[in-house]
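Structural description and commentary
Here is how the chains run, residue by residue.
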Amino acid sequence: DLKKAIAENTFRSDLFYRLSVFPLTTPPLRERKEDIPLLVGHFLKYYCPKLGTKEKSLSREAMQKLQAYEWPGNIRELENRICQAILLSPGETITPAAFEFDVGPIPIADQTYAEAKREALDIVEMRYLRELLFKTKGVISKAAEIAGLHRNTFWRLMRKHGIRVEEFQNQRP
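Below or above, wherever it landed, is the structure these notes cover. Small disclaimer: the values here were computed from a predicted structure and weren't measured. (Residues numbered from 1 in each chain as written. Predicted model: local features only at pLDDT ≥ 70, side-chain atom pairs only at ≥ 80, totals over all residues. Heavy atoms only, no water.)

**Section: the overall build of the protein chain**
A count of helical and extended segments in the protein chain gives 9 helices and 2 strands. For the protein chain, the α and β elements follow one another from N to C terminus as α-α-α-β-α-α-β-α-α-α-α. The C-alpha radius of gyration computed for the protein chain amounts to 21 Å, which surpasses the reference 16 Å derived for 173 residues by more than 25%, pointing to a less compact arrangement than a globule. Each principal axis of the C-alpha distribution contributes one length, and for the protein chain these read about 65 × 40 × 35 Å. Residue burial in the protein chain is summarised as follows: out of 173 residues, 33% are buried. At a minimum sequence separation of 6, the contacts of the protein chain that also span at least 24 residues come to 61%. Just so you have it, the protein chain exposes about 12,100 Å², and 54% of that area is on carbon and sulfur atoms. For the protein chain, the separation between the mean place of its 28 positive charges and that of its 23 negative charges on side chains is 4 Å. (Helix = DSSP H or I, 4+ residues; strand = E, 2+ residues; numbered from the N terminus. Rg over C-alpha atoms; globule rule 2.2 N^0.38 Å. Buried < 20%, exposed > 50% of the residue type's maximum accessible area, 1.4 Å probe, protein only. Contact = heavy atoms within 4.5 Å. Areas by Shrake-Rupley, 256 points an atom, 1.4 Å probe, with all protein chains shown as cover. Lys, Arg positive; Asp, Glu negative; His and termini not counted. Charge placed at Lys NZ, Arg CZ, Asp CG, Glu CD.)

**A word on a nonpolar patch on the surface**
Together, Val21, Phe22 and Leu24 line one region of the surface with nonpolar side chains, adding up to about 430 Å² of accessible area. On the secondary structure map, valine 21 appears in the loop between helix H2 (13-19) and helix H3 (36-50). Classification of valine 21 by relative accessible area gives exposed; the value is 70%. (Patch = residues over 30% accessible without salt bridge, like charges linked within 9 Å, V, L, I, M, F, W, Y side chains within 5 Å. Salt bridge = Lys/Arg side-chain N within 4 Å of Asp/Glu carboxyl O.)

**Quick look at the nonpolar core**
Among the nonpolar cores identified, the biggest contains 21 residues, and Val40, Leu58, Leu66, Leu78, Ile82, Ile94 and Phe99 are the most heavily contacted of them. Counting residues per element, the ones that place at least two in this core are H3, helix H4 (60-68) and helix H5 (74-88). Isoleucine 94 has contacts with Leu44, Lys56, Ser57, Leu58, Ser59, Ala62, Ala85, Ile86, Ser89 and Phe99, leaving out every residue within four places of it along the chain. Core analysis: the second largest hydrophobic core is formed by 13 residues, Leu129, Ala143, Ile163 and Val165 among them. (Core = buried A, V, L, I, M, F, W, Y, C linked by side-chain atoms within 4.5 Å.)

**What about the packing of aromatic side chains?**
Summed over all chains, the structure comprises 4 aromatic pairs. Look at phenylalanine 43 and tyrosine 47: their rings are 6.4 Å apart centre to centre, the planes differ by 45°, and that puts the pair in the tilted class. A residue pair is termed a helical-turn pair when its members lie 3 or 4 positions apart in one helix, as phenylalanine 43 and tyrosine 47 do in helix H3 at 4 residues. An identical accessibility class is assigned to phenylalanine 43 and tyrosine 47; each is buried. A centroid spacing of 4.8 Å and a plane angle of 90° characterise the contact between tyrosine 46 and tyrosine 47, whose relative ring orientation is edge-to-face. What makes tyrosine 47 buried here is its relative accessible area of 15%. (Phe/Tyr/Trp six-rings, centres within 6.5 Å; stacked < 30°, edge-to-face > 60°.)

**Let's talk about the packing of H3 against H4**
It is the contact of H3 with H4, at a shortest axis distance of 10 Å, that shows an interaxial angle of 120°. Between H3 and H4, the interaxial angle falls into the category oblique. Classified by chirality, the crossing of H4 by H3 is right-handed. Contacts between H3 and H4 involve Ile36, Pro37 and Val40 from the first element and Met63, Leu66 and Gln67 from the second. Grouping the constituent residues of the contact of H3 with H4 by class yields 5 nonpolar, 1 polar and no charged. (Axes fitted to C-alpha atoms, helices over the stretch in contact; angles between N-to-C directions. Parallel < 35°, antiparallel > 145°, perpendicular 65-115°, else oblique. Left-handed = near helix turned anticlockwise from the far one by under 90°. Nonpolar A, V, L, I, M, F, W, Y, C, P; charged D, E, K, R; others polar.)

**Overview of the pattern of salt bridges**
What the rule picks out here adds up to 7 salt bridges. Note that arginine 32 and aspartate 35 form a salt bridge whose closest N and O atoms lie 2.9 Å from each other. On the accessibility criterion, arginine 32 (15% relative accessible area) is buried. Where salt bridges share partners, they join Arg118, Asp122, Glu125 and Lys160 into one cluster.

**Here we look at helix H7 (residues 140-147)**
By the burial criterion, the buried members of H7 are Ile140, Ala143, Ala144 and Ala147. Along H7, the residues classed as buried sweep out an arc of 100° about the axis, all on the same side. In this fold, the buried residues of H7 make contact with helix H6 (113-135) and helix H8 (151-160). After H7 finishes, the residue glycine 148 shows a positive phi value of roughly 75°. (Arc of directions from axis to C-beta.)

Function-wise, these values are silent; they only describe arrangement.
Okay, here's the thing in structure tokens:
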């Protein structure tokens, strides 16, 4: 709030009037969630070619998750999350799992960029595999098909992350 900042002498009033030729007020994204599908569509069309991926879309559940979020970072946060989802989603459809990046702080001083990146990607990879296995009730061939991976590759990734298929086979609906 620049007017408040002027009153508190933390922003120059002359600069405010120089910038305020035609003031526009835009409500935050959390107050206009009906714009989210339009913005997501725009970001997908814009970033997929830029990032060198095939055209992608969001699942209905992923869109619902985006619309339920409060977006403290407004449109820029949405844009960044869409870019991340494009890069981290192996298939043509982006699922809700692509929007769970609560990986905690990265110990910058203790790791190289490559190490920190690998660690973050491992966390996302494990969550993705677990979600697929939950969705398919532990049916490896179906999970591998959804992921667009060969069944043996899927098994190898499960072993890498210490994921046991038994955890998902006896789940209740």
